[in-house]
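# Residue-level structural notes
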Amino acid sequence: MFGDNLASIYQTWFTPPKTGRYRFYMVCDDYCQLKIAKCPGTISPLTTMLDLRAWTKWDSFWSNENNYGSPPKKVSNWIEMEKGQHYYMYGKYLEGGGGDYMKSGVEIENSGIVGHHHTMKQIQ
């Protein structure tokens, strides 16, 4: 997506590969939000996991860099999820001017899954 003064909405279902705790990451330019329905198989009520009201560097999941005072929270709190259940996710993205991007990722706490692409503690 390229341009200025635009908005996008993203909707998907996330199916955890194991029961456990998950947290989500997000960076964007200029504003983005991530919400999740904590009850599997439903689309409401939605819980706001991340709400970034200032642009962040495109590669700054782990740093506190940004251009406006205190940095936005780019990592959500941990959330319990059950293996094989479907969790509705809703993302919103607003672009004013200049650069335009939104990235998100997920981390599994102590995955312990052998022979699977989540075997290392990493962000997918």
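For the structure, check the block above.
Quick look at the structure, then. Predicted, not measured: the structure shown is a model, and the values here were computed from it.

### What to know about the overall build of the chain
- Per the secondary structure count, the chain includes 0 helices and 7 strands.
- Walking the chain from its N terminus toward its C terminus, one meets helices and strands in the order β-β-β-β-β-β-β.
- Residue pairs in contact within the chain that sit at least 24 positions apart in sequence constitute 71% of those at least 6 positions apart.
- Entry remark: accessible area of the chain is about 7100 Å², with carbon and sulfur atoms responsible for 52%.

### With respect to the sheet that holds strand S2 (residues 20-29)
- Taken in spatial order, the 3 strands line up as S5-S2-S7 in an open sheet, and their pairing is antiparallel. Every other strand in the sheet has two partners, leaving strand S5 (79-81) and strand S7 (101-108) as the edge strands with one partner each. Going across the sheet, the axis of each strand differs from the next one's by a mean of 35°, ignoring polarity.
- Alignment of S2 against S7, held across 8 bridges, turns out to be antiparallel. The partner of Tyr22 across the bridge, within S7, is Ile108.

### Brief notes about the pairing of strand S3 (residues 31-37)
- Among the 7 residues that make up S3, 6 are buried, leaving the element largely enclosed by the rest of the structure.
- For S3 and strand S6 (residues 87-95), the ladder comprises 6 bridges, and the chain directions are antiparallel. In the strand pairing of S6, Lys35 is matched with Tyr90.
- Pairing of S3 with strand S4 (residues 46-52), which is carried by 6 bridges, proceeds in the antiparallel orientation. The residue of S4 that forms the bridge with Gln33 is Asp51.

### Let's talk about the nonpolar core
- Residues Phe14, Tyr22, Phe24, Leu34, Ile36, Ile79 and Met81 are the most contacted members of the largest nonpolar core, which totals 19 residues.
- Mapped by element, the contributors of at least two residues to this core are strand S1 (6-14), S2, S3, S4, S5, S6 and S7.
- Among the elements that make up this core, the one with the highest residue count is S2 (4 residues).
- Dropping the residues within four chain positions of it, Ile79 is found in contact with Gly20, Arg21, Tyr22, Phe24, Ile36, Lys38 and Met49.

### Focus: the environment of Leu50
- Within the secondary structure, Leu50 sits in strand S4.
- Exposure remark for Leu50: the relative accessible area of 1% places this residue in the buried category.
- Leu50 sits 23 residues away from Val27 along the chain, and the two C-alpha atoms are 9.8 Å apart.

### Considering the pattern of salt bridges
- Evaluation of the coordinates by the stated rule reveals 3 salt bridges.
- The partner of Asp51 in a salt bridge is Arg53, with the nearest N and O atoms 2.9 Å apart.

### Re the state of the cysteines
- Within the structure shown, the criterion is met by 1 disulfide.
- There is a disulfide in this structure between Cys28 and Cys32, and the S-S distance comes to 2.3 Å. Between Cys28 and Cys32 the disulfide shows an S-S torsion of about -85°. By sign, it is left-handed. In this structure, Cys28 and Cys32 share a single accessibility class: buried.

Criteria and thresholds
Residues numbered from 1 in each chain as written. Predicted model: local features only at pLDDT ≥ 70, side-chain atom pairs only at ≥ 80, totals over all residues. Heavy atoms only, no water. Helix = DSSP H or I, 4+ residues; strand = E, 2+ residues; numbered from the N terminus. Contact = heavy atoms within 4.5 Å. Areas by Shrake-Rupley, 256 points an atom, 1.4 Å probe, with all protein chains shown as cover. Pairing = 2+ DSSP bridges. Axes fitted to C-alpha atoms, helices over the stretch in contact; angles between N-to-C directions. Buried < 20%, exposed > 50% of the residue type's maximum accessible area, 1.4 Å probe, protein only. Core = buried A, V, L, I, M, F, W, Y, C linked by side-chain atoms within 4.5 Å. Salt bridge = Lys/Arg side-chain N within 4 Å of Asp/Glu carboxyl O. Disulfide = S-S within 2.5 Å.

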